[in-house]
Every structure is written in C-alpha cells, then in structure tokens.
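Working through the structure, step by step
As a plain string of letters, each chain reads:
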Amino acid sequence: MAGRHERTVIRSASPALGALVSAARLGPRILRVPRLGWVVRDPVLIRELLVDHRSTSLLGEGGVGHLWSQVLGDWVEDLFDGAGHHSLRTRARDLFTEAAAHDLVAPAASPVTALMTQRLMAGTTVDIADLARVLVGRIVVAMLGIDVTTFLAEADAAGLDHGDDWGAYRLVFARGEELAALALGTQSDTTLAPATVDRARQILEGLTAGVPRAYRTAPESTVLGRCRALGVTEQEATGLASLLLVAGTETAASAIARTAALLADTGQAARLATATGSDRDDLVEVAVREGLRVTTPAPVIGRHITRDVTVGGRTLRAGDRVLALTYVANTAPGAFDLDRPYLPDNRHLWFGAGRHLCLGAAVARAELRQVISALAAAGPWTVVDREAARRVLIPTYRRLVVRRVA
Ligand code: HEM
C-alpha cells in the first residue's frame, strides 16, 4: 500500500516522470535516450558524474543553473558554479552546520509541531502537508532574516491565513512551488520561453521583496546579514535568497509529509511511538534516513557534459546532457524499513554529491527529525485522507490528514 501511494505521488506530480521512473527501473545502468540525453539510474555512476566537476556542470543546457541564469541573468553563473560559488560556500559554511541547523530549526519549528501535538492529543485530525509547508516557510524566512510581514497583504488577499497567522509562510511556499513548476517539461530542453522567464521574474520580485531591508539590517547569524558582512553584493545576495527560497521549501515539505505517510502506511508508526528513550531517538534517526531515501524529493538531477568522459563503459560527449535518476537509484534497494542498515552506495545521494551537495542538508534533517519526533511522542497515527499534488516539480502531498490511533 505504501508503495502504491508513493507511485501516485510521483505520477500525479508529472506523468512523464512516472513513466521515466518505471521504464528506467527495467533498463541498463546508463542509457542514451533520444531527446532526453543520458539517463543514469545507478547510484555509483551517478556519484561518479556528480563529483566529476571537470566533465560536468550545472550551467549550460541540461543543468539547473541554465534555468536560473535565464531568469536572473548571466552573472549568476559565477555564484552558482564558478569561483564565487566555492568562495561563498566556504565563507558561509558555519551557517549550515548540524549545530547551526538545530539552533535555527528548534525555535522556528516548535510552534508548528506544538500545535500538531496538541491537536493529535485532543483527537483532532491534522493536515501534515499544510503544517509542513508552514514549517519550511518559517525556517527559510528565519534563515534569511527576512521580515515576514512583507508577505502579509498578499497572503491575506489570497486567503491563506487559516486562523493561525501563518498565511505569509503558506504564501512563501506557494510562490516557490509556482516558480519551480515553471521548470516542468524542461527535462528534454532547459531553454525557457520568454513568457515563462517573465512570469519567473515576477514571482521572484515578490518573493525577494524583503531582501534589500534584510541585507541592510539583519544580524550576521542570518544568511543575508552574513552576505553583507562578507561583502557579497546585494544583487548576489538576492540571487542566493532566491535559490534558498525555492530549494529549501518544496523538497523538505515533501520529505516531511511523505515520511509521515510512509510510517503510517507501513505500520511502522506504532513501533516508533511505543519505543522509549534512546531507542526511540535511534529509530527516529533511521526514519529520517529512510524517509529521505525512499522519497528522494529531488528525483532527478540534471547536468551538462563539458568534455568527453567515459562512465559505466559509455562515452558521453561534450555538449550532451545527463539526467541522474536519483529517485530510481535510491528506491532500488527496497521499501521503507526501520530495520534497514546504512547503504554505502546510496549514502546521502538524496542530497546530491560533489560540490553542489545540498547546502541545507543539516537543516532538512533537523526539520524532518523534529516532526517525526513530535508525531512519535503523540502516539501512533493513521492517514484518514490524502491527495497528491498535481503538476509540481517536487512530488508531494497537497493534503495528508492524519489522526492519532488510540
Ligand atoms: C529533504 C530536503 C532536501 C532535499 C532532498 C534537497 C536536495 C538537494 C539536491 C539533490 C541538491 C543538489 C542539486 C544539484 O546537484 O544540482 C541540493 C542543492 C541545494 N540545496 Fe537542497 N535539498 C533539501 C533541502 C534543502 C534546504 C532545507 C535548503 C536550505 C534551506 C537547501 C538548499 C540547497 C542549496 C542552496 C543547494 C545548492 C547547493 C550548491 O549548488 O552548492 N536544500 N539540494
């Protein structure tokens, strides 16, 4: 049942992705597909490609940097994959450690998980998908140092405040999701139509409206305050904020909702809830790892080949494009299982590999850990209603209503 629900989530996001995933499972480790380019489904070969920075790039046709540079301008190339990228990642490293992630996530997520616990304990249903959207919105806004009231008027107009004053965070999520969805259909060509570029710029203008003020006034413990202190220009800081607002929201919310569903659907929520003390903490860590593996929220990573390279016995030529099917690679070892040991070949591949390894990995794990721990403490839960999101870049639930099992 859990597998069936996951397949629905993938197909509903994009029927093309569903078909690609099903076909790739049956195909060779690496295959050239007309119109798509090289399709790779083997974890070892995917890692080999992602860490080979001399032969692959996320700039140029096939890479996500190509999409960003059309929207933000060619200047982002240095920040996304050039010397500026290395320099910024190195200098801002301390903002993204496990300890920094904990300090960021614990206070920002607590009001959301506290409400969730309160409702579950009272026997009320909770929409985990909605709470996950609010939670990730709160964290990215806090991380950047943006004043959330920037989004209030638009959130009110869109009717996103469900009586809890969290409409602004729902708006951040919705705009990020809308922006990412503009990339749907770019699996065979990352060149965007002019109307798509215009819409993307319009969305980003709204999303980053609070950036100039935060850049001037936010403390150095925030990303934008740190950018100012490091001498990163306001334009570059706005580019980085755009990336974080999109990369840090949909992926994490997807992992949270889908892991909560997987635990309930596989009957393993009860095991987590009845465990105590360090046994439960250990199980939560496995649930986080298994949840990330089985959901692999970024199911495909694109790359542009910059020079001829041989991978898995096949020669990829400069100018070719690659689709690394991380979802297929990570789900091949089997279903979500709290007894599954660490899988060395798949280690963290849900966060990519090499120099673009997810900057927010510790934040994402802390978010997932906090929600799963709160669910476990409230007792076992079951899914009473669900709806997969349609036409989205990152497969997820639009609605996932759960109830505590007495
Ligand atoms: C479960 C949640 C998440 C997943 C599965 C995920 C996955 C990924 C993957 C696969 C990449 C590499 C993309 C590539 O190589 O082209 C990536 C990059 C990135 N992620 Fe995440 N991500 C998650 C959460 C977050 C969060 C919470 C943040 C920040 C708040 C974040 C920020 C970033 C950034 C800035 C990059 C670009 C890094 C670079 O190019 O150097 N991500 N993420």
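Everything here concerns the structure above.
One structure accompanies this document, and this report is about it. Please read these numbers as outputs of a predicted model, since none were measured by experiment.

About the cut-offs
Residues numbered from 1 in each chain as written. Predicted model: local features only at pLDDT ≥ 70, side-chain atom pairs only at ≥ 80, totals over all residues. Heavy atoms only, no water. Helix = DSSP H or I, 4+ residues; strand = E, 2+ residues; numbered from the N terminus. Rg over C-alpha atoms; globule rule 2.2 N^0.38 Å. Buried < 20%, exposed > 50% of the residue type's maximum accessible area, 1.4 Å probe, protein only. Contact = heavy atoms within 4.5 Å. Areas by Shrake-Rupley, 256 points an atom, 1.4 Å probe, with all protein chains shown as cover. Lys, Arg positive; Asp, Glu negative; His and termini not counted. Charge placed at Lys NZ, Arg CZ, Asp CG, Glu CD. Polar contact = N/O pair within 3.5 Å; in protein donor to acceptor, adjacent residues only side chain to side chain. Pairing = 2+ DSSP bridges. Donors = N, O, S within 2.8 Å, 3.2 Å for Na, K, Ca; no water. Salt bridge = Lys/Arg side-chain N within 4 Å of Asp/Glu carboxyl O. Core = buried A, V, L, I, M, F, W, Y, C linked by side-chain atoms within 4.5 Å. Expected span 1.5 Å × (residues − 1). Arc of directions from axis to C-beta. Near = heavy atom within 4 Å. Nonpolar A, V, L, I, M, F, W, Y, C, P; charged D, E, K, R; others polar.

1. Quick word on the overall build of the protein chain
Helix and strand counts for the protein chain stand at 19 helices and 10 strands. Taken over the C-alpha trace, the protein chain has a radius of gyration of 20 Å; the compact-globule value for 406 residues is 22 Å, and the two agree within 12%. In the protein chain, buried positions account for 55% of the 406 residues. A separation of at least 24 residues holds for 72% of the contacts in the protein chain among residues at least 6 apart in sequence. Total accessible area on the protein chain is roughly 16600 Å²; 54% of this is exposed by carbon and sulfur atoms. Of the charged side chains in the protein chain, 46 are positive and 43 negative, and the gap between their average positions amounts to 5 Å.

2. Some thoughts on the environment of T217
Mapped onto the fold, T217 is located in helix α12 (residues 211-217). Through-space distance from the C-alpha of T217 to that of L272 is 43 Å; in sequence the pair is 55 residues apart. Of the polar contacts made by the side chain of T217, one reaches the backbone oxygen of R213; its length is 2.8 Å.

3. Some words on the sheet that holds strand β2 (residues 37-40)
Taking strand neighbours across the sheet as the criterion, the 5 strands line up as β1-β2-β8-β5-β3 in an open arrangement whose pairing is mixed. Either end of the sheet is taken by a strand with one partner, and the two such strands are β1 (30-33) and β3 (56-57). Sheet topology note: the β2/strand β8 (residues 321-324) ladder contains 3 bridges and is parallel. Directly across from W38, in β8, lies its bridge partner V322.

4. A word on the coordination of the iron atom of the ligand
The expected angle between donors at a tetrahedral four-coordinate metal is 109.5 degrees. At an octahedral six-coordinate metal it is 90 or 180 degrees. From the protein, the iron atom of the ligand takes a single donor atom, C358 (SG), 2.3 Å away. Summarising the element assignment, C358 is placed in the loop between α18 (326-331) and α19 (361-378).

5. Regarding the pattern of salt bridges
Going through the model one piece at a time under the given rule, you end up with 22 salt bridges. Of the charged contacts, one joins E6 and R258 as a salt bridge, the two residues approaching to 2.7 Å between their closest N and O atoms. Taken together, the positions of E6 in helix α1 (residues 2-13) and R258 in helix α15 (residues 250-265) put the pair 252 residues apart, joining distant regions of the chain. Overall, the relative accessible area of 5% leaves E6 in the buried class. R213 serves as the salt-bridge partner of D147, at 3.2 Å between the closest nitrogen and oxygen. Of this pair, D147 sits in the loop between α8 (128-144) and α9 (152-157) while R213 sits in helix α12, and the two are 66 residues apart along the sequence. Note on R213: relative accessible area 47%, which makes it partly exposed. Within the structure, one salt-bridge network assembled from shared partners comprises E154, R175, E178 and R199.

6. Thoughts on unusual backbone geometry
Not every positive phi belongs to a glycine, and T296 is a case in point at roughly 30°. Turning to its location among the elements, T296 is positioned in the loop between α17 (277-295) and β5 (301-305). For H348, which is not a glycine, the phi torsion comes out positive at approximately 55°. Along the chain, H348 turns up in the loop between α18 and α19.

7. A closer look at the nonpolar core
The biggest cluster of nonpolar side chains holds 111 residues, and the ones touching the most others in it are M116, I128, L144, V223, L263, W381 and L400. Excluding residues within four positions of it along the chain, V223 makes contact with L95, F96, M143, L144, L240 and L244. Ranked by size, the runner-up nonpolar core spans 17 residues in total, among them L45, I46, L49 and V311.

8. Let's talk about helix α11 (residues 194-207)
The terminal C-alpha atoms of α11, which comprises 14 residues, lie 20 Å apart, in line with the 20 Å expected from a rise of 1.5 Å per residue. Among all positions in α11, only V197, A200, I203, L204 and L207 are buried. Seen along its axis, α11 keeps its buried residues to an arc of 130°; they face one direction. Residues of α11 that are exposed and point more than 90 degrees away from the buried face comprise P194, A195 and E205. Those residues of α11 hidden inside the fold are in contact with α4 (64-72), α10 (167-181) and α14 (234-247).

9. What to know about the site of the ligand
Around the ligand, 24 residues are found, and the nearest of them are H85, R89, R303, H356 and C358. Within the side chain of H85, an N or O atom sits 2.6 Å from an oxygen atom of the ligand. H356 has a polar side-chain atom sitting 2.7 Å from an oxygen atom of the ligand. Sorting the residues of the shell around the ligand by element identifies α6 (83-91), α14, α15 and β5 as the ones contributing at least two each. Of the residues assigned to the shell around the ligand, the class counts are 15 nonpolar, 6 polar and 3 charged.

10. Digging into α8
When the terminal C-alpha atoms of α8 are compared, their 24 Å separation across 17 residues agrees well with the 24 Å that a helix rising 1.5 Å per residue should span. By the criterion of burial, α8 is predominantly enclosed, with 16 of the 17 residues buried. Positive phi appears at G145, one or two residues downstream of α8, with a value of about 90°.

Treat this as a map of the structure, not an account of what it does.
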